[in-house]
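# Close look at the chain arrangement
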Number of protein chains: 2
Amino acid sequence: MTTLTRPDTLSPAALEALQARFGEQLSTVPAVLDAHGRDESRQEFARPHAVLFAQGEADVVDALRLAREHGFPVVPFAVGSSLEGQVIPVAGGLSLDVSGMTAVLEVAAGGFQATVQPGLTYPELNRQLRHLGLFFPVDPGAEASLGGMASTNASGTAAVRYGTMRDNVLELRVALAGGEVIRVGSRARKTSAGYDLKNLFIGAEGTLGVITELTVRLWPLPAHLVVLRANFATLGEAARSAVDIMGAALQPERLELIDERQIHAVNVHKGTDFPEAPTLWIELASPSETALAEALELCRELVTDGGGTGLHAAHSAEERAKLWEARHHAYYAITALHPGHVNMTTDLCVPLHQLPEVVEFTRREADAAGLDASIVGHVGDGNFHVLFHAPPDDAETWERVNRVYDAMITETLSRGGTCTGEHGVGLHKRAYLAREHADTLTLMRGIKGLLDPQGLLNPGKILP
Amino acid sequence: MTTLTRPDTLSPAALEALQARFGEQLSTVPAVLDAHGRDESRQEFARPHAVLFAQGEADVVDALRLAREHGFPVVPFAVGSSLEGQVIPVAGGLSLDVSGMTAVLEVAAGGFQATVQPGLTYPELNRQLRHLGLFFPVDPGAEASLGGMASTNASGTAAVRYGTMRDNVLELRVALAGGEVIRVGSRARKTSAGYDLKNLFIGAEGTLGVITELTVRLWPLPAHLVVLRANFATLGEAARSAVDIMGAALQPERLELIDERQIHAVNVHKGTDFPEAPTLWIELASPSETALAEALELCRELVTDGGGTGLHAAHSAEERAKLWEARHHAYYAITALHPGHVNMTTDLCVPLHQLPEVVEFTRREADAAGLDASIVGHVGDGNFHVLFHAPPDDAETWERVNRVYDAMITETLSRGGTCTGEHGVGLHKRAYLAREHADTLTLMRGIKGLLDPQGLLNPGKILP
């Protein structure tokens, strides 16, 4: 982990003003600063000058006022599960920790919506919704906070059916650098009322404002579910089968590709015994048993025609839960398998028909470079992850990793894809953003300047 | 129809420059100017100084360059089916007619996407897709152009299942007032690459840039469909039944409420004989006949429990087509029923659980004001239309209409709804936008200033 040299952006006067306003809520304890200096990517480390544990919107507004008056950076932080360095205070200043803002303010079951604070995690929201037969579908790997998920436009395994954060956040309250708190979007399911500011703040990684409240969309829990597992001889075959499934209007709840290396890591980490081959995990849902059986049969035929073998259908809630838990912990499984190594994960996303070629290209390049790269993907969306790992100081390996990554980006962009399907830009993808959206960087900078003229909000992120 | 006095914004020098560049593509023929001076709302009329029939992106770029040099307004126009005056050149200048830009540039069936020019209408796109078993689901009442639909974030009867234009446009090419042509969004199904500019241009009604190309999302045609029709004693009962259906995870393809007055108009206009009572039209889809039969049975029970009577299931493609054609022509049916009258249609949208109360409130207010107001709605979305009509010069009736409309807006906003679910703001809803989003008008104006500093793009629309 590289420790970044940090400019002295929080003056004694600023610290005094923060302490005067926030007292015990403000911390400069080294261990606390350390905990706010890294994220899940474990590549860089930069200590904030202070951490504020915000208890509500008023705290956020006052922190931004003091930042304006004293000119120090503010970096929103919740659980620190970002993967591109988004929460690392590379310019120092204040880490604005909203992990204490976890209230569920309102649940309107009949309106399929809930209003929550940004520090609430999605698994906790779902625990509180279960008795209503409703759920929130966006499920990134980590136990992420809803504010953080909105800030990176996170998605996950269920996006193929339910969409991303952009599709599942109806309304936001956002505290601006200028001091105002605005409401963007609408609690109505659709609106054409003026410019879409909601989607501007979703994915902005805390560089345009600080989210203080979210109204999210809820969905009825599917009545009947089954997960079909199938193995394939090659990654490409598995990816092609995924494309066939999407074409058959089966509308899977989830459609995941896991390569033999990830399966191996999961088996070691979780004590499971999944066959160690390229695998598809396909979750189907239906309002009735009969309909589900029919969908499963159709899916079996498609998968078998596509070269799938060792088909197994998981019907029980327990078996399905175990399987998706294994999937969600894939990242940690690989980490555990290589102690002392640092991971780098990619999240390229391409138009579905381009997926098999891009996945095969990736595997070829990684093999040619002699890298132990494992691949998992939300393949129904054309989105896949490559997990690279190496000792932090192994410069030669990291050079090869970066060469392969660069080739993957070039291939992806040439096929109409994006350098990030769900993790965001943060620190690590700024150069790739410049390649993907060179023609809009000026406009993006203009919007940043409009909302944050002093450059106080999460400086150094997104924009190259 | 009020004819608006129009400033002299196109100088002889500007006209000369336009003629020199575009020759026969430029028209100042009175009949052509008249045809570009109104929209479907028929409330205002303002002649442009000239109309350019653009044949491609280069024409759009050059028109914007000349606009910049000579300082004249540019108003994008395709089929003129907007309902809030969006295409009316209230400040004169150039009507930029893209209705000749109708090419389907690419269809990637395996990627579920098509790239088209902005003048193409959605019914024509669907005609060209049918042989692939794919379709584009956004279906406003008029045979609208895809560029226009993107510019108002249009939706329609299928939005309850497939979403709005924001959900179904992947990527846009946009010509900016400054001269650049930018690509926003991605052909990948999801992206977290920087600020969301795509959704900023969707719903901007041509005030931020001119859309020159769209890549839209396609869906597999459902295998089996049925439409269940049910009558109710009251509008409120019908609306409550719609809420129940949405809660049952039946995921209807369409869920439409039509009141007895609209049914009457449709019967007169189309020679149909639908029972003239508050009615729900519920379309269900399924990959198999058995599954469909089960869903239909479940739906029948729900509707009957909710007070529905005279249930009728339309199975044949012909009967379903006839029914949805009738629905799509509802607006024209009312128009035909009242020759010489002008219509005003609203498109309020509220959180689903608020819909029954808001619909009942609306009916009460309209009755109390002695207005013949008919109601239809995409009720699965909480979106409904009230159609008012009166002779254009009947100031007293229009005063009552506006009073009721204003009360509806107040009620809707107090329940977390929006003043426009799908028609946009245009000329008519600017004051309502100011009420709904007072706290973001400054930011919206800032974004407008960033993209159109000279104020040339569709002036007078959206922003109060």
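Please refer to the structure higher up on the page.
About the thresholds
- Residues numbered from 1 in each chain as written.
- Chains lettered and ligands numbered in written order.
- Predicted model: local features only at pLDDT ≥ 70, side-chain atom pairs only at ≥ 80, totals over all residues.
- Heavy atoms only, no water.
- Least-squares fit on C-alpha atoms with pLDDT ≥ 70 in both.
- Contact = heavy atoms within 4.5 Å.
- Phe/Tyr/Trp six-rings, centres within 6.5 Å; stacked < 30°, edge-to-face > 60°.
- Helix = DSSP H or I, 4+ residues; strand = E, 2+ residues; numbered from the N terminus.
- Buried < 20%, exposed > 50% of the residue type's maximum accessible area, 1.4 Å probe, protein only.
- Lys NZ or Arg CZ within 6 Å of the ring centre and 35° of its normal.
- Pairing = 2+ DSSP bridges.
- Expected span 1.5 Å × (residues − 1).
- Arc of directions from axis to C-beta.

### Comments concerning the relation of the copies chain B and chain A
Under the fitted operation, chain B is carried onto chain A by 0.0 Å of movement along the axis and a turn of 180 degrees, and the coordinates agree to an RMSD of 0.0 Å. Within this description, the copies of the chain are treated as partners about a two-fold rotation axis. Minimal C-alpha separation from the rotation axis in chain B is found for Ala291 of chain B, amounting to 2.3 Å. Interface overlap between copies: 100% of the residues of chain B at the interface are likewise at the interface in chain A, consistent with a symmetric, same-surface contact.

### Concerning the packing of aromatic side chains
The tally for this structure, following the rule as stated, stands at twelve aromatic pairs over all chains. Summarising the aromatic geometry, the rings of Phe135 of chain B and Tyr162 of chain B are spaced 5.3 Å apart at their centres and angled 90 degrees between planes, so their arrangement reads as edge-to-face. Here Phe135 of chain B, found in strand 9 (residues 134-135), pairs with Tyr162 of chain B, found in helix 6 (residues 159-162); they are 27 residues apart in sequence, far enough to count as distant. Judged by its relative accessible area of 14%, Phe135 of chain B is buried. Taking relative accessible area as the criterion, Tyr162 of chain B reaches 6% and is therefore assigned buried. Here the aromatic residues Phe135, Tyr162 and Trp219 of chain A are joined through ring pairs into a cluster of three or more. Its guanidinium or amino end placed over the ring of Trp324 of chain A, Arg254 of chain A lies 4.8 Å from that ring's centre, counting from NZ or CZ. Lying across the ring of Tyr162 of chain B, Arg161 of chain B places its NZ or CZ 4.7 Å from the centre.

### A closer look at the pairing of strand 11 (residues 181-185) of chain A
Residues and elements named next belong to chain A. Note that strand 10 (residues 169-175) and strand 11 share five bridges and pair antiparallel. Among the inter-strand pairings, Val174 is bridged to a residue of strand 11, identified as Ile182. The loop that links strand 10 with its antiparallel partner strand 11 comprises five residues; one of these, Gly179, has a positive phi angle of about 115 degrees.

### Details of helix 11 (residues 289-305) of chain A
Between its first and last C-alpha atoms helix 11 of chain A spans 24 Å; for 17 residues at 1.5 Å apiece the expected length is 24 Å, and the two agree. Buried within helix 11 of chain A are the following residues: Ala291, Leu292, Ala295, Leu296, Cys299, Leu302 and Val303 of chain A. Each buried residue of helix 11 of chain A lies within a common arc of 130 degrees when the element is viewed along its axis, so the set occupies one face. In this structure, the buried residues of helix 11 of chain A make contact with strand 14 (224-231), helix 9 (235-247), strand 16 (279-286) and strand 17 (309-314) of chain A together with helix 11 (289-305) of chain B. Looking at the residues trailing helix 11 of chain A, positive phi occurs at Gly307 of chain A, about 95 degrees.

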